Amino acid sequence: MPIRGYIIEKYNTMTNAYTCNRLVQEASALDMDLQIVGIHDTAVSPHGVINNGKILEPVDFVINRYKWGREKDAINALATRSYNPLTAYNIYINKFEQVRRLHSKAFLIPKYLLGTSRLPFSSIVEQLGLPFVGKGLESSMGEEIVCIRDKASYEELSLNYPSSKEWLFEEFISESYGRDLRFYSIRGEAVACMQRTSQGDFRANVALGASVEPYPVTSGIRTIAADIYEQTGLDFLGIDLLFGREKPYFCEINVMPGLEGIEKASGINVAGKIIETIQSDFTSKT
């Protein structure tokens, strides 16, 4: 009987979703049965988890690629193993938890404050300098990441978002304007790395049009991968670093990273490595 799993995503049909399709492709090549389960096509009832009118059966594993709500938790309960493990996944979705909990001798943490947009502008500038960056705590793909250059741009936060919304305010790392590093870690091993470069935007997200090129996996990057795995237990991670004068700065970890940029930049079959890792968990037992 094949190893069976679900990818938890937005929709059952993720036609143009590179990462989902690559994972399904690599699973099929290893005779594994991997199905995409969309949260928006799913409901949880007293009788079970219903997807597209059918009760979902228990499976060997799930791959978490959706952040919010309780439905994903109910789908995780159907699986023997979760990637990434649900408890850690739910913690490290949050950018504040990342800077609060993670550390390594190989990177620096930017100065930061957690607060709402009701904090006095002058008090933030006093702590972080100007400009500074505001980050939504659970944002991705460059969304809810803003550069605050003056009081007017700070006041726009209250105009565009609820005043109760918490923000992670961080010092602006000027050396890394428009560029950063993303590397992919599998159980503490850095398997591929790329530099992302934006033209005209301080954010270097591929989703926002940044270009990518291969970057060597250095000893410092290996140390960071090992340190973060030891601290989080997260199997599969995208780890983002900002360029600094002496050491890189920690930017964030992504618990549901895309694969398109890293595979195209590095030429490495990261999706295959992920699926092989999962397969080994179910075939190496004696």
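Everything numeric in this text was worked out from a predicted model, so none of it was measured.

Calculation rules
Residues numbered from 1 in each chain as written. Predicted model: local features only at pLDDT ≥ 70, side-chain atom pairs only at ≥ 80, totals over all residues. Heavy atoms only, no water. Helix = DSSP H or I, 4+ residues; strand = E, 2+ residues; numbered from the N terminus. Expected span 1.5 Å × (residues − 1). Buried < 20%, exposed > 50% of the residue type's maximum accessible area, 1.4 Å probe, protein only. Pairing = 2+ DSSP bridges. Salt bridge = Lys/Arg side-chain N within 4 Å of Asp/Glu carboxyl O. Arc of directions from axis to C-beta. Core = buried A, V, L, I, M, F, W, Y, C linked by side-chain atoms within 4.5 Å. Contact = heavy atoms within 4.5 Å. Right-handed = clockwise from strand over helix to strand, strands pointing away.

Which parts of the structure should I look at to understand helix α9 (residues 270-283)?
Three- or four-residue spacings in an α-helix give side chains the same orientation, since the helix completes a turn every 3.6 residues. With 14 residues, α9 ought to run about 20 Å at 1.5 Å a step, and its terminal C-alpha atoms sit 20 Å apart, in line with that. Within α9, burial applies to Val-270, Ala-271, Gly-272, Ile-274, Ile-275, Thr-277, Ile-278, Asp-281 and Phe-282.

Explain the sheet that holds strand β5 (residues 54-55) to me, please; I cannot follow it from the model alone.
Across a sheet, paired strands are connected by hydrogen bonds in the backbone, their directions being either parallel or antiparallel. The antiparallel open sheet is built from 3 strands, whose spatial order is β3-β4-β5. Each of the sheet's edge strands pairs with one partner strand only, and the pair in question is β3 (42-45) and β5. Summarising the sheet, strand β4 (residues 48-51) and β5 pair through 2 bridges and their orientation is antiparallel. Its bridge partner being in β5, Asn-51 is matched across the sheet by Lys-54.

How should the pattern of salt bridges be read in this particular structure?
Scanning the model with the defined rule gives 20 salt bridges in all. Measuring nitrogen to oxygen at the nearest pair gives 3.5 Å for the salt bridge that ties Glu-9 to Arg-65. Here Glu-9, found in strand β1 (residues 4-9), pairs with Arg-65, found in the loop between β6 (59-64) and α2 (71-76); they are 56 residues apart in sequence, far enough to count as distant. Across the pair, exposure class does not vary: Glu-9 and Arg-65 are buried alike. The salt bridge partner of Asp-281 is Arg-187, with a shortest N-O separation of 2.7 Å.

Is there a simple way to explain helix α5 (residues 121-128) in this structure?
Listed as buried for α5 are Phe-121, Ile-124 and Leu-128. Burial along α5 is one-sided: seen end-on, the buried residues are contained in an arc of 65°. Facing away from the buried side of α5 by over 90 degrees, the exposed positions are Ser-122 and Glu-126. Positive backbone phi, at 80°, marks Gly-129, one or two positions downstream of α5.

It is not clear to me how the nonpolar core should be interpreted in this structure. Could you clarify?
In globular proteins that are soluble, nonpolar side chains generally tend to be buried together. Judged by nonpolar contacts, the single largest core of 29 residues is most densely connected at Phe-183, Ile-224, Ile-228, Ile-239, Leu-241, Ile-253 and Val-255. Every element with two or more residues in this core is listed here: α3 (86-92), α4 (95-101), β12 (179-186), β13 (189-197), α7 (219-232), β15 (236-242) and β16 (249-254). Filtering out sequence-adjacent residues up to four positions away, Leu-241 remains in contact with Phe-107, Asp-180, Leu-181, Phe-183, Ile-221, Ile-224, Pro-248, Tyr-249, Phe-250 and Cys-251. Membership of the second largest hydrophobic core comes to 28 residues, among which are Met-14, Ile-63, Tyr-184 and Leu-259.

Quick question: what am I supposed to make of the environment of Ala-226 here?
Note that Ala-226 resides in helix α7. Overall, Ala-226 belongs to the partly exposed group, its relative accessible area being 36%. On a C-alpha basis, the gap between Ala-226 and Arg-187 in space is 7.7 Å, while along the polypeptide they are 39 residues apart.

So what exactly am I meant to see when it comes to the pairing of strand β2 (residues 33-38) here?
Here is the key point about a regular strand: its side chains alternate between the two faces of the sheet. Bridge count between β1 and β2: 6 bridges; the pairing is parallel. Residue Tyr-6 lies in a different strand from β2, and its bridge partner there is Gln-35. Running through helix α1 (residues 18-29), the crossover from β1 to the neighbouring parallel element β2 is right-handed.

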